[in-house]
Amino acid sequence: MSWLETLRTGVNGVRSRGLRSFLTVLGILIGIAGVIVAVGLGEGASSQVTSEINALGSNVLTITPGSSTSSSGIRGALGSASTLTMDDATALSSPVAAPDIKAVAPITSNTEVLTAGSQTATTSVQGTTPAWLPVRGRTLAEGRFIGKQDINEHTAVGVLGATTASELFSRSDPVGQTVDVNGVPVTIVGVLASTGASSSSSSSSSNPDDTLIIPITTGAERIFGGTSRNTLSSIAVQAKSSADLTGAYQEADHLLLQLHGITNPTQADFTITSEASLIAANTSVDHTLTILLGGIAAISLIVGGIGVMNIMLVSVTERIREIGLRKALGATPRVIRRQFLIEASVLGVVGGILGVVAGILCVAYLPGLIGDPISTSPTAAVGALAIALAIGVLFGVYPASRAASLAPIDALRTE
Amino acid sequence: MTMTPPLGTPPVAPEREAVIELENVTKVYRTGSLSVAALRGVTLSINEGEYVAIIGPSGSGKSTLMHILGCLDIPTSGGYQLAGEDVSRMSETALAEVRNRRIGFVFQQFNLLPSMTAWQNVELPLSYAGVPRRERKERALEALARVGLAGRVQHRPGELSGGQQQRVAVARALVTEPDLILADEPTGNLDSVSAADVLGLMGDLYAAGRTLVLITHDVEVASAANRVVGIRDGLLTENDTRYLESVR
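Residues numbered from 1 in each chain as written. Chains lettered and ligands numbered in written order. Predicted model: local features only at pLDDT ≥ 70, side-chain atom pairs only at ≥ 80, totals over all residues.

A. Focus on the overall build of chain A. In terms of regular secondary structure, chain A is built from 13 helices and ten strands. Counting every position in chain A, which comprises 415 residues, the buried fraction comes to 44%. Put simply, 81% of the contacts in chain A that link residues at least 6 apart link residues at least 24 apart. (Helix = DSSP H or I, 4+ residues; strand = E, 2+ residues; numbered from the N terminus. Buried ≥ 20, exposed ≤ 12 C-beta atoms within 10 Å, placed from the backbone. Contact = placed C-beta atoms within 7 Å.)

B. Structural detail: the overall build of chain B. Counting its secondary structure elements, chain B contains eight helices and ten strands. Here chain B holds 248 residues, and the buried ones make up 45% of them.

C. Quick look at helix 4 (residues 133-146) of chain B. All names here are of chain B. Between its terminal C-alpha atoms helix 4 stretches 20 Å, which fits the 20 Å expected from 14 residues at 1.5 Å a residue. Residues of helix 4 that are buried include every one of Arg 136, Arg 139, Ala 140, Ala 143 and Leu 144, and no others. Buried residues of helix 4, viewed axially, fall in a sector of 140°; they line one side. Along helix 4, the residues that are exposed and aim more than 90 degrees away from the buried face are Arg 134 and Glu 135. Where helix 4 is buried, its residues contact helix 3 (118-129) and helix 5 (162-174). Within two residues after helix 4, Gly 148 carries a phi angle of roughly 80°, on the positive side. (Expected span 1.5 Å × (residues − 1). Arc of directions from axis to C-beta.)

D. The arrangement of the interface of chain B and chain A in detail. Taken residue by residue, the interface counts 19 residues in chain B and 18 residues in chain A. Secondary-structure elements contributing two or more residues to the side of chain B that touches chain A are helix 2 (92-102) and helix 3 of chain B. In terms of residue count, the dominant contributor to the side of chain B that touches chain A is helix 2 of chain B (six residues). Residue classes in the side of chain B that touches chain A are distributed as eight nonpolar, seven polar and four charged. (Nonpolar A, V, L, I, M, F, W, Y, C, P; charged D, E, K, R; others polar.)

E. Geometry of helix 3 of chain B. Burial analysis of helix 3 of chain B places ten of its twelve residues in the buried class, which makes it a mostly covered element. Looking one or two residues beyond helix 3 of chain B, the residue adopting positive phi is Gly130(B), at roughly 80°.

F. Just the pairing of strand 7 (residues 180-184) of chain B, in detail. Residue and element names in this part refer to chain B. Among the five residues that make up strand 7, five are buried, leaving the element largely enclosed by the rest of the structure. Residues Leu 180, Leu 182 and Asp 184 line one face of strand 7 and the alternating positions Ile 181 and Ala 183 line the opposite face, and both faces are buried. Relative to strand 8 (residues 212-216), strand 7 is paired through four bridges, and the arrangement is parallel. The partner of Ala 183 across the bridge, within strand 8, is Leu 214. (Pairing = 2+ DSSP bridges.)

G. Spatial organisation of the sheet that holds strand 4 (residues 77-82) of chain B. Residues and elements named next belong to chain B. Strand order in the open sheet made by the four strands is 2-1-4-5, with antiparallel pairing throughout. Of all strands in the sheet, those with a lone pairing partner are strand 2 (34-47) and strand 5 (85-86), marking the two edges. Of the strand pairs in this sheet, strand 1 (residues 18-31) and strand 2 are connected by eleven bridges, and their pairing is antiparallel. Across the sheet, the residue bridging to Arg 30 is Ser 35, located in strand 2.

H. Representation of the nonpolar core within the structure. Grouped together as the largest cluster of nonpolar side chains are 123 residues, with contacts concentrated most on Ile32(A), Ile36(A), Ala171(B) and Val213(B). Judged by nonpolar contacts, the second largest core, of 49 residues, contains Ala103(A), Val157(A), Ala165(A) and Ile235(A). (Core = buried A, V, L, I, M, F, W, Y, C linked by C-beta atoms within 7 Å.)

I. Summary view of unusual backbone geometry. Residue and element names in this part refer to chain B. Of note in the backbone geometry, Asn 24 takes a positive phi value of approximately 50° without being a glycine. Among the residues examined, Asn 24 registers 13 C-beta atoms within 10 Å and is labelled partly exposed. Unusually for a residue other than glycine, Cys 71 sits at a positive phi of about 60°. Checked against the element boundaries, Cys 71 lands in the loop between helix 1 (62-69) and strand 4.

J. Up close: the environment of Val213(B). Residues and elements named next belong to chain B. Considering the arrangement of structural elements, one finds Val 213 in strand 8. Take Val 213: there are 26 C-beta atoms within 10 Å of it, and that puts it in the buried class. On a C-alpha basis, the gap between Val 213 and Val 52 in space is 4.9 Å, while along the polypeptide they are 161 residues apart. Sequence-distant contacts of Val 213, defined by excluding residues within four places in its chain, comprise Ile 46, Val 52, Ile 54, Leu 69, Leu 180 and Leu 182.

K. Seen up close, the environment of Ile54(B). Checked against the element boundaries, Ile54(B) lands in strand 3 (residues 51-55). Separated by 159 residues in the primary sequence, Ile54(B) and Val213(B) place their C-alpha atoms 7.2 Å from one another.

L. Looking closely at the confidence of the model for chain B. Of the residues in chain B, 89% reach a pLDDT of 70 or more, and the chain-wide mean stands at 86. At the level of chain-chain contacts, confidence expressed as ipTM amounts to 0.87, with global pTM at 0.65. (pLDDT = per-residue confidence, 0-100.)

M. Region of the structure containing the confidence of the model for chain A. In the predicted model, chain A carries a mean pLDDT of 80, and the fraction of residues at 70 or more is 86%. Counting interchain partners and residues more than four positions distant, the pLDDT-below-50 stretch residues 68-80 of chain A has 15 contacts.

N. Local environment of the environment of Ala162(A). Residue and element names in this part refer to chain A. Structurally, Ala 162 can be placed in helix 6 (residues 162-168). With 20 C-beta atoms counted inside 10 Å, the residue Ala 162 sits in the buried group. C-alpha separation for the pair Ala 162 and Asp 209, spaced 47 residues apart in sequence, amounts to 5.2 Å. Contact partners of Ala 162, with chain neighbours within four places excluded, come to Ala 141, Val 191, Leu 192, Ala 193, Ser 194 and Asp 209.

O. Representation of the packing of helix 5 of chain B against helix 6 (residues 192-207) of chain B in the model. Residue and element names in this part refer to chain B. It is the contact of helix 5 with helix 6, at a shortest axis distance of 9 Å, that shows an interaxial angle of 20°. Between helix 5 and helix 6, the interaxial angle falls into the category roughly parallel. Note on packing geometry: the crossing formed by helix 5 with helix 6 is right-handed. Side by side, helix 5 and helix 6 meet where Gly 162, Gly 163, Gln 166, Arg 167 and Val 170 of the first sit next to Ser 194, Asp 197, Val 198 and Leu 201 of the second. Residues that form the contact of helix 5 with helix 6 fall into these classes: three nonpolar, four polar and two charged. (Axes fitted to C-alpha atoms, helices over the stretch in contact; angles between N-to-C directions. Parallel < 35°, antiparallel > 145°, perpendicular 65-115°, else oblique. Left-handed = near helix turned anticlockwise from the far one by under 90°.)

Following this line, the structure appears as structure tokens:
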């Protein structure tokens, strides 16, 4: 008996038990759709993270005041101390003392309310130098970035992030307009290109597109005010290449310890982090979620598989006479096994195809409801189909061998 | 131009070959420590074209003998040659192939698949033999015509009477042109009219030169055959008139 004919027999077998086959298929369907959505959520989250990391610029170290090693003594929390100064930034820029460092961008930042006409936006205002643009790996959508002259002359100019720009000037061109920050009219000279990081990101405070960049001197002298005008919120340091990142780290660490007169490295009053690692730590939460969802999906897939096995075992018991008859008429054990395996596989494949369709529909419509990005992955779809087929076969093997090993006389004798 | 045999010489009788040769066949069933001998040394030879009834009461071993004759089971000891082929020590797969090629079964319960039409039921053994689809359907329709069901080929078993269902089963037994047609209580589930009908059909097959073995407990059914073999306590009694008398 050819494969095609066994297939036909198998499909007829499945069709002749419509409702039961449908319920079995439903189990597989839910499992497969679950896997596709879980994988889609995971991939959506990780692609969002990747774009965020790209937005931060590559090979970048961020130096923040305060210590993260708070194992001994009383230490200020991360970022609370005011230990970083412009002198530190200047020292780090020295190609002699720090040969692996390519560029340094000192940053002062504060959250301020921006007003443009009747529109207001609360955003992170960052005072920095022209080096910020290449260090962060950013580009301009229009206009220009802050220049050396702006730093020297403390001019009230600013560059808006894409999100902030659209919030304040939804209809008009922001370049040339004025934004009021703490009573200082700041002229917008440029707009940053969007990083592509999702605007619906849950961590909107760290959205790299929601910002206003001003000259560091303007910020210190005219906008932020405060006690120490020399104090920095952070220093962004770009290494020459990703291979030089470790070298840059050691040079920065060594230089700052020296400048701050600290001999014991464990008592450092600053912290150097790689932005990428910081993000990676945040994303481990996303990964846990993905694993959890994937685990639930996998369990439901196994339950679906058990459903296939169950219906096939019932089917074998129920069709004992049919099996006996087929054997009496000349069906070899191999042909019987094949027939039942194909019936199980048909259940698996039909469930798989419907599951992929349901999964893709979920991926298409869920983001609108839950606000998280979900990617459609062809790999996941193909993989899910393969899994469904494998489940059909795997959970069909035992019932099929049971059918195949029935003695024809025992099978015929059963009333 | 034809060769005419000289007058007075009797026509050469076609050589009748033995289809079934059982040689001292035993079958012992073991359940735990208990062993029951269902067949205790059966020797039987059935020639091509014979119509043999095997008659015995329940528990006589006739079902066991039917299973062995039908290659559904193998003997514990002894030899069985079916159409010259030793089938007494075959593997299950080889037996399936022998059943498909050499034996046509007719069962008491008809054993038709309810989801299939009459012709689909009839073509089933041909599909296991690997016969192409078109030829299968042709042969199935032909076999159904031979049992007088040409007008019922698209009916499912549920739409047919008991007698008609058994005719479909006979057509299924015929369709592979087997060496032996083995009927196990073929009239057991039928009313007397349908029973006579099916027995008449088997008589037609005998007349057409088929080899038939009929297994039954019913003397009247057995009398339709041209040779009756009795079975009792696992032993055969050839033309056992005493047994026939005793049950009559």
